[in-house]
Every structure is written in structure tokens, then in C-alpha cells.
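Okay, here's what each chain looks like letter by letter:
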Amino acid sequence: PAVGVSAWNKAGTWEEKDMTDWMTPRVSTALAGTEVGFDGGMAEMVAVKDVEGSASIAQVRGKRRHIFDLSFNVEVRLTMFGAGDAAPRTIGGAKLVFTDVAGDNNGEHETQLETAAGTSVADRRSLEQWVAHTGQGLRPALIAKLDGLIAEYRAL
């Protein structure tokens, strides 16, 4: 039989192994400690919560396919350093929601920023700039670590 195919499945038509228990706890581990400093502050992940979805490795006609579809929340904190003797100010109660992390989205992981009720417009702008922006700050750092986990998964 083909490599990775059971003896009972000599044609290698379809065989699948559930990898959800392997993948879901590793999301938190992969993203742990992510922080990004910038002129005037620091953005950091606080915790990964509500990891949901599935992951599996399928053997289809002799080809190995790594299938996954996940969603989760990353609680974040933004610290803005004060000018001069001003005390640093922390903006919390926000999360970056990863709504679609899937094997077929070519690394384009969908996210949205959610803020606590009562978050000021200025604080929301700061969070958008340093947490949710696609080109700078915390989001690209999180995605780089997430893509590292996906590469590890695809190497299995």
C-alpha cells in the first residue's frame, strides 16, 4: 500500500485522522508571549481564549492533506508610555478575534477587533493602529507565529 495508508485501504481512496486535540492547545502555546514595541508604547497578547474548530490529516488517493478550520480570540493590552514624567496608560478589554483560520485561505486569516463598551474613540484608534493593523503592530506578529504553527502541522 501507499505510505500512510492502512492495509485495509489498498486503493488509498480516503483515510482521515482527527488532529483537533493536537492543534487546539498549540494555538495558545504558539502565540504565548507575543508583544511588539513601538515608539511610544507596546502591544501585547494577554491570553488566547475560545479556540474552536477542527483539524485533520487526510490521505486522499495517495496524497496527504492537512485540513483545519479554527477560530479563537486573543485578548490584548496596549500600553502607551507617557511623555516626560507622565505615567504609562494601559488600554485593556480588547480582543483580536480570528474568525477564519483555515487550510484553504492562503494565509489570509480573517480578524476583527472588538473593544470593551465605553472604549473612547482615541483608544479605539490606537488599538486599530497597533493591534489590528495588517501591516504593523501586534496582528502581523501573531500571524507570523500562527503561520509557524501551521507549517509545523503541515510537516506532520
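Because the structure is a prediction, the values reported are computed rather than measured. (Residues numbered from 1 in each chain as written. Predicted model: local features only at pLDDT ≥ 70, side-chain atom pairs only at ≥ 80, totals over all residues. Heavy atoms only, no water.)

## Comments concerning the environment of Met45
Rule in force here: A run of H or I in DSSP becomes a helix once it reaches four residues, and a run of E becomes a strand once it reaches two; helices and strands are each numbered from the N terminus. Residues are treated as being in contact if the distance between any of their heavy atoms lies within 4.5 Å.
Mapped onto the secondary structure, Met45 falls in strand S3 (residues 41-60). Once the C-alpha coordinates of Met45 and Thr79 are considered, the two residues, 34 residues apart in sequence, prove to be 11 Å apart. The contact partners of Met45, leaving out residues within four places of it in the chain, are Leu31, Ala32, Gly33, Thr34, Val74, Glu75, Val76, Leu138 and Leu142.

## What about helix H3 (residues 138-154)?
Operational definition: Take the residue count of a helix, subtract one, and multiply by 1.5 Å to get its expected span. Think of it in three bands: with a 1.4 Å probe and only protein chains considered, a residue is buried below 20% of the maximum accessible area for its type, exposed above 50%, and partly exposed in between. An arc is given here, and it is the one of the directions from the helix axis to the C-beta atoms.
An ideal rise of 1.5 Å per residue puts 24 Å on 17 residues; H3 measures up with 24 Å between its terminal C-alpha atoms. Leu138, Arg139, Leu142, Ile143, Leu146, Leu149, Ile150 and Tyr153 are the residues of H3 that are buried. Mapping the buried residues of H3 onto a view down its axis gives an arc of 120°, with all of them on the same face.

## Some remarks on the packing of helix H1 (residues 20-31) against H3
How we decide: Note on definitions: angles span 0 to 180 degrees between N-to-C directions of axes, and those axes are lines fitted to C-alpha atoms, for helices only across the stretch in contact. The crossing is said to be left-handed when, going from far helix to near helix, the turn is anticlockwise and less than a right angle, and right-handed when the turn is clockwise. Under this grouping Gly is polar, as are all residues other than the nonpolar Ala, Val, Leu, Ile, Met, Phe, Trp, Tyr, Cys and Pro and the charged Asp, Glu, Lys and Arg.
H3 packs onto H1 with a crossing angle of 145° between their chain directions and a minimal axis gap of 9 Å. In terms of crossing hand, the pair formed by H1 and H3 is right-handed. Each of Trp22, Met23, Arg26, Val27, Ala30 and Leu31 in H1 lies in contact with H3, whose residues at this interface are Leu142, Lys145, Leu146, Leu149, Glu152 and Tyr153. Of the residues belonging to the contact of H1 with H3, the class tally is nine nonpolar, no polar and three charged.

## Regarding the packing of aromatic side chains
For the record, the criterion: In this analysis, rings of Phe, Tyr and Trp, with Trp reduced to its six-membered ring, are considered paired at centre separations within 6.5 Å, and the interplanar angle assigns stacked below 30 degrees, edge-to-face beyond 60, and tilted for intermediate values.
Counted under the stated rule, the structure contains four aromatic pairs. Taking 4.7 Å as the distance between ring centres and 15° as the angle between the ring planes, the aromatic pair formed by Phe72 and Phe98 counts as stacked. Here Phe72 is found in strand S4 (residues 63-80), whereas its partner Phe98 is found in strand S5 (residues 89-102), with 26 residues between them in sequence. Phe72 gets classed as buried once you look at its relative accessible area, which sits at 2%. Phe98 sits in the buried class, given a relative accessible area of 1%. Here the aromatic cluster, defined as three or more aromatic residues joined through ring pairs, consists of Trp22, Phe68 and Tyr153.

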